Amino acid sequence: QGLKDVIGKDMLIGVALNKWQSSGGVPEATAIVRKHFNSVVAENCMKSENLQPREGKFYFDAADSLVAFARDNNQTLTGHCLVWHSQVPRWFFKDKAGRTVTRDVLVGRMRRHIKKVVGHFKGKVRGWDVVNEAIEDDGSFRKSPFYSIIGEDFIEIAFRAAHEADPGAELYYNDYSLSNPAKRDAVCRLVRRLKSKGVRIDAVGMQSHNGLDYPDLSAYEASIDSFAACGVKVMVTELDLNVLPSPKGFSGARIEQDFEYHKRLNPYPEALPDSIYRKFEQRYLELFSIYRRHRHQMSRITLWGISDRDSWLNDFPVHGRTNYSLFFDRNYAEKPVVSKIIELW
Ligand code: XIL
C-alpha cells in the first residue's frame, strides 16, 4: 500500500523530480513514484532559464521526457513555473545594448514565453504555477523586474496569457511563508481581485518549505481556511522539512570559508540522531493531520523531492550540508514516517 492508495481518495499526492529521475534513469525513483504518488512536477526543467535560455530558442527535450514519464507511469503533471524572478534567463529584462527593456517589450516577452510553453504542453499538464513568489513577507509586491518594469498587472497579464494558450489548464498562484498573516492577506486580495476581473485562478499553492519549529501550525492552518474562503483550492506544492539550524546571523561568505561555522550549521554529517528523527516524524504527522482535516479544501500535496540525497536543502541556504528533509533516505530506503502517514490517513 502506498501513500496514493489512501491520500489519493481525497486529493493528489505528488513529488518533484529532477531530470535524472524524470528521464526514467533512476530505477529506485521510478519504483517509488509508481508506488506512492499519482502526480509529478519538474524540480527545474520547466523553468524559463531551461526552456528559453536565449530569446526565441526553446529547449523542450528534458520537459518532454517528464511528460512521457508521467504518461507511462500514470501521473498527473503540474507545470512549474511560468513567471518567476529566479531561474529566469538574464536576457529577459535587457535589450541588446544591456539596457533595461521597456514595459511593452517585457510584456511581449512574458506573453510569448507563456504562449509558447503553455501551448507546447497543452492537454498534457493539468495546471500551471503561473506566477511564483510575487509577494513579500510584509504583503507588498516583491520589487522584481516583472513588477518594477510592468507594474502589478504583470500578474493578471500572465494569467490571461496562460488561459488563452490552454483554456483547459488549471492556473495557480504559488508562494512561500503563506502562514504569515500580512502575506496571506495580500495573496487573498490578489485572488479576489483576479476573480472579480474574471481572470481564471483555480488554486493557491503553499510551498511549505517547513522546519521543525516553523511555521506556527495554527497560523498555517488558518491560511488554508483563508485561501479556501477566497473561492480557490489550496495545494501544498513544495513540502519538505529542514532539520538543520538556520544560518541567521552568520554571513554567507564566512560559512563557506570557516570550518567551525560550517560544522555548527552541518551538525549531522553522518546520520540523523534518533531524537531529531522523532521530531521530524512528529512534525510530518502533524502536518498530514492538518491536511486530512482540510481535505475538502485541498486538491494536492507535493513533496519537493524523493530522497535526502537529492534535496535542494543540502545546498540552501548554505551549500554542502547533509540534510534529512524527505521521506526516503540517501539510498532511497523508505523512512518509517511513510507508513505512519498511511495509517494516520
Ligand atoms: C529549487 C530547486 O529545488 C533547486 O534544484 C534549484 O537549484 C533552485 O530551485 N521555490 C520554488 C522552487 O518555487 O522552484 C525552488 O526549487 C525552491 C524554492
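Conventions and cut-offs
- Position numbers for residues count from 1 along each chain, tracking the sequence in the order it is written.
- Residue-level local features of this predicted model are given only where pLDDT is at least 70; pairs of side-chain atoms are given and counted only at 80 or more, and the full residue set underlies all totals for whole chains, interfaces and linings.
- Counting other C-beta atoms within 10 Å of a residue's C-beta gives its exposure: the residue is buried at 20 or more, exposed at 12 or fewer, and partly exposed in between, where C-beta atoms are placed from the backbone.
- Only DSSP runs of H or I with at least four residues qualify as helices, and only runs of E with at least two residues qualify as strands; both kinds are numbered from the N terminus onward.
- Any two strands with at least two DSSP bridges between them are considered paired.
- Lines fitted to the C-alpha atoms define the axes, with helices restricted to the stretch that makes contact. Angles between their N-to-C directions range from 0 to 180 degrees.
- Each angle receives one of four descriptions, namely roughly parallel if under 35 degrees, roughly antiparallel if over 145, roughly perpendicular if within 65 to 115, and oblique otherwise.
- Each crossing gets its hand from how the near helix is turned against the far one by less than a right angle, where anticlockwise is left-handed and clockwise is right-handed.
- What counts as a contact is two residues whose backbone-derived C-beta atoms lie within 7 Å of each other.
- Residues are grouped as follows: Ala, Val, Leu, Ile, Met, Phe, Trp, Tyr, Cys and Pro are nonpolar; Asp, Glu, Lys and Arg are charged; every other residue, Gly included, is polar.
- UniProt positions are given in the numbering used here, feature names are shortened, and annotations may be inferred rather than shown by experiment.
- Nearness is defined per residue: the C-beta atom, placed using the backbone, must lie within 6 Å of the molecule or strand.
- We define a nonpolar core as a collection of buried residues of the types Ala, Val, Leu, Ile, Met, Phe, Trp, Tyr and Cys that are connected via C-beta atoms lying within 7 Å of each other.
- Every crossover in which the path from the first strand over the helix to the second runs clockwise, viewed with the strands pointing away from the viewer, is termed right-handed.
- On a range of 0 to 100, pLDDT expresses the predictor's confidence in each residue.
- Each helix should span, by expectation, one fewer than its residue count multiplied by 1.5 Å.
- Arc, as used here, means the arc of the directions from the helix axis to the C-beta atoms.

### Structural notes on the pairing of strand β2 (residues 39–42)
Every second residue of β2 is oriented toward a common face, with Ser39 and Val41 on one face and Val40 and Ala42 on the other, all of them buried. Here strand β1 (residues 12–17) runs beside β2; their pairing, made up of four bridges, is parallel. Of the residues in β2, the one forming a bridge with Leu17 is Ala42. Note: β2 against strand β3 (residues 76–83), three bridges, orientation parallel. Paired with Val41 across the two strands is Thr78, which belongs to β3.

### Observations concerning the packing of helix α6 (residues 103–120) against helix α8 (residues 154–165)
Packed helices, taken two at a time, are described by the angle their axes make and the gap between the axes. Packing of α6 against α8 brings their axes to within 8 Å, and their N-to-C directions diverge by 30 degrees. Relative to α8, the element α6 is oriented roughly parallel. Along this stretch, α6 crosses α8, giving a crossing that reads as right-handed. Contact residues: α6 offers Val107, Met110, Arg111, Ile114, Lys115, Val118 and Gly119, while α8 offers Phe154, Ile157, Ala158, Ala161, Ala162 and Ala165. The class makeup of the residues in the contact of α6 with α8 is 10 nonpolar, one polar and two charged.

### Description of the UniProt feature "active site" (unreviewed entry) in the chain
UniProt tags Glu238 as "active site" (unreviewed entry). With respect to the helices and strands, the residue Glu238 is situated in strand β8 (residues 233–242). The buried category is assigned to Glu238, around which 24 C-beta atoms lie within 10 Å. Other than its neighbours up to four places away in sequence, Glu238 contacts Gln207, Ser208, His209, Thr302 and Trp304.

### A look at the site of the ligand
Within the structure, the ligand sits among Glu43, Asn44, Asn132, Gln207, Glu238 and Trp312. Of the residues belonging to the shell around the ligand, the class tally is one nonpolar, three polar and two charged.

### Looking at the nonpolar core
Ranked by internal contacts, the top residues of the largest apolar core, which has 92 residues, are Val130, Ala158, Ala162 and Val204. In terms of residue count, α8 provides more of this core than any other element does, eight residues in total. In this view, Val130 contacts Leu82, Val83, Ala158, Phe159, Ala162, Leu171, Tyr172 and Tyr173; residues no more than four positions away in its chain are not counted.

### Overview of the packing of helix α9 (residues 181–196) against helix α10 (residues 217–229)
The geometry of α9 relative to α10 is characterised by a closest axis approach of 10 Å and an angle of 10 degrees between their N-to-C directions. Put simply, α9 runs roughly parallel to α10. Contacts from Pro181, Arg184 and Cys188 of α9 reach α10 at Ala219, Ser223, Ser226 and Phe227. Counted by class, the contact of α9 with α10 contains four nonpolar, two polar and one charged residues.

### Some thoughts on the pairing of strand β4 (residues 127–132)
The buried count for β4 comes to six of six residues, which makes it a mostly enclosed element. Regarding the hand of the β-α-β motif, the stretch spanning β3, α6 and β4 is right-handed. Strand direction decides the pairing type here: β4 and strand β5 (residues 170–175), joined by five bridges, are parallel. From the neighbouring strand, Trp128 faces β5, where its bridge partner is Leu171.

### Comments concerning the confidence of the model for the chain
With 97% of its residues at a pLDDT of 70 or more, the chain has an overall mean of 96. Both scores are available for the predicted complex, with the pTM at 0.97 and the ipTM at 0.99.

### What about unusual backbone geometry?
Excluding glycine, residues mostly have negative phi values, and the peptide bonds linking residues are mostly trans. Cis geometry marks the peptide bond from Tyr214 to Pro215; its omega dihedral reads -5 degrees. Along the chain, Pro215 turns up in the loop between β7 (209–211) and α10. The omega torsion across Phe316 and Pro317 is 0 degrees, close enough to zero to call that bond cis. Locating Pro317 in the fold gives a position in the loop between β9 (298–303) and α14 (337–344). Positive phi outside glycine occurs at Asn74, with the angle close to 60 degrees. Structurally, Asn74 is set in the loop between α5 (61–72) and β3. One non-glycine residue, Ser208, lies in the positive phi region at around 70 degrees.

### Re α10
The end-to-end C-alpha distance of α10 is 18 Å, a good match for the 18 Å that 13 residues give at a rise of 1.5 Å each. Restricting attention to buried positions, one finds in α10 the residues Tyr220, Ser223, Ile224 and Phe227. Along α10, the residues classed as buried sweep out an arc of 100 degrees about the axis, all on the same side. Seen from the buried face of α10, the exposed residues on the opposite side, beyond 90 degrees, are Ser218, Asp225 and Ala229. Looking at the buried side of α10, the elements it contacts are α9, β6 (203–206) and β8. Gly231, located one to two residues past α10, shows a positive phi value of around 90 degrees.

### Digging into the environment of Ser39
Along the chain, Ser39 falls in strand β2. Taking the C-alpha atoms as reference points, Ser39 and Phe141, 102 residues apart in sequence, are found 31 Å from one another. If we ignore the near neighbours within four places in the chain, the residues touching Ser39 are Leu12, Ile13, Gly14, Gln75, Thr76, Thr78, Arg300 and Thr302.

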